[in-house]
Amino acid sequence: MKKTQVRTAIRLATRLIRRGRHNRMTLFWAVAAISLTAPWLLTDLGGSGAPWAGSTVAERLSCRVESIYDGDTMTVRCAGQEEKLRLHCIDAPEMGQQPWGRRSRDHLRRITPERVEIVARDRDRYGRLVGEVMAEGRSLNLAMVDAGQAAVYDRYCSDGRYPAVERQARQMGRGVWAEPGLQQRPWEWKK
């Protein structure tokens with residue numbers, strides 16, 4: 001929204017508030033409208049906007065790995081703050097999909113050093129940070145796909161590197177591609 005549009009909205013709200021001195025409902029609706037639109041107006045002007053809105057910037061964070069839950073989820077500590085992290089572009093077998101889930105988690109544990117760099121992409125609907133995990137200049141997300149320990153989550157991935165790496169892992173029959181089944185499509189197993 002442009003600054004002129006913001007000024008127009010503020011003028012309109014001011015008029016409604018002035019009229020509202022004698023009409024409580026008008027005042028109520030004016031305050032409600034300002035309260036509901038202010039976060040988005042601030043976002044467009046370069047402010048932080050709505051606190052619940054996900055970040056879409058590719059911010060780089062230096063973090064310590066606290067724990068690895070499964071092949072696509074870990075807990076990290078970045079700048080003293082603990083974060084649940086969902087690995088961008090991939091979906092690994094769930095822990096209930098044995099032995100695939102355990103194998104995927106164990107592989108991620110083996111290739112992940114204590115300190116990593118996270119390229120933050122977004123926040124998911126559960127509030128988890130979504131990002132690419134980098135170690136010594138190498139993407140661990142891509143490494144999981146290359147080892148056949150995770151599939152590309154096409155629904156949430158527009159990065160062209162991932163499908164090419166997955167095709168190669170399929171051709172070689174690595175990890176989940178060693179035999180057919182829902183371990184190749186964890187998002188379908190969850191349904």
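## Describing the state of the cysteines
Inference 1: A complete count under the given rule lists two disulfides for this structure.
Inference 2: In this model Cys-89 forms its disulfide with Cys-157; the gap between the sulfur atoms is 2.1 Å. Sign of the S-S torsion, about 85° for the bond between Cys-89 and Cys-157, identifies this disulfide as right-handed. Here Cys-89 is found in the loop between β3 (81-87) and β4 (90-91), whereas its partner Cys-157 is found in the loop between β8 (151-152) and α5 (161-172), with 68 residues between them in sequence.

## With respect to the packing of aromatic side chains
Inference 1: Within the structure shown, the criterion is met by one aromatic pair.
Inference 2: Their ring planes at 80° and their centres at 4.9 Å tell us that Tyr-153 and Tyr-156 sit as a pair that is edge-to-face.
Inference 3: Judged by its relative accessible area of 14%, Tyr-153 falls in the buried class.
Inference 4: In this structure Tyr-156 comes out as partly exposed when scored by relative accessible area, which is 44%.
Inference 5: One Lys or Arg, Lys-84, reaches over the ring of Tyr-69 and ends 6.0 Å from the middle of that ring.

Cut-offs used in this document
- Residue numbering note: each chain is counted from 1, following its sequence as written.
- In keeping with the model being predicted, local features are shown solely for residues with a pLDDT of at least 70 and side-chain atom pairs are shown and tallied solely at 80 or more, while totals for entire chains, interfaces and linings include all residues.
- Values reported for side chains reflect all heavy atoms of the structure, with hydrogen atoms and water molecules removed beforehand.
- A pair of sulfur atoms, both from cysteines and within 2.5 Å, is called a disulfide here.
- Numbering of helices and strands runs from the N terminus, with a helix taken as a DSSP run of H or I at least four residues long and a strand as a DSSP run of E at least two residues long.
- Working definition: a ring pair exists when centres of Phe, Tyr or Trp rings (six-membered ring for Trp) sit within 6.5 Å. Plane angles under 30 degrees give stacked, over 60 give edge-to-face, the rest tilted.
- Residue exposure (1.4 Å probe, protein chains only): buried if accessible area is under 20% of the type maximum, exposed if over 50%, otherwise partly exposed.
- Geometrically, a lysine NZ or arginine CZ counts as sitting over a ring once it is within 6 Å of the ring centre and also within 35 degrees of the ring normal.

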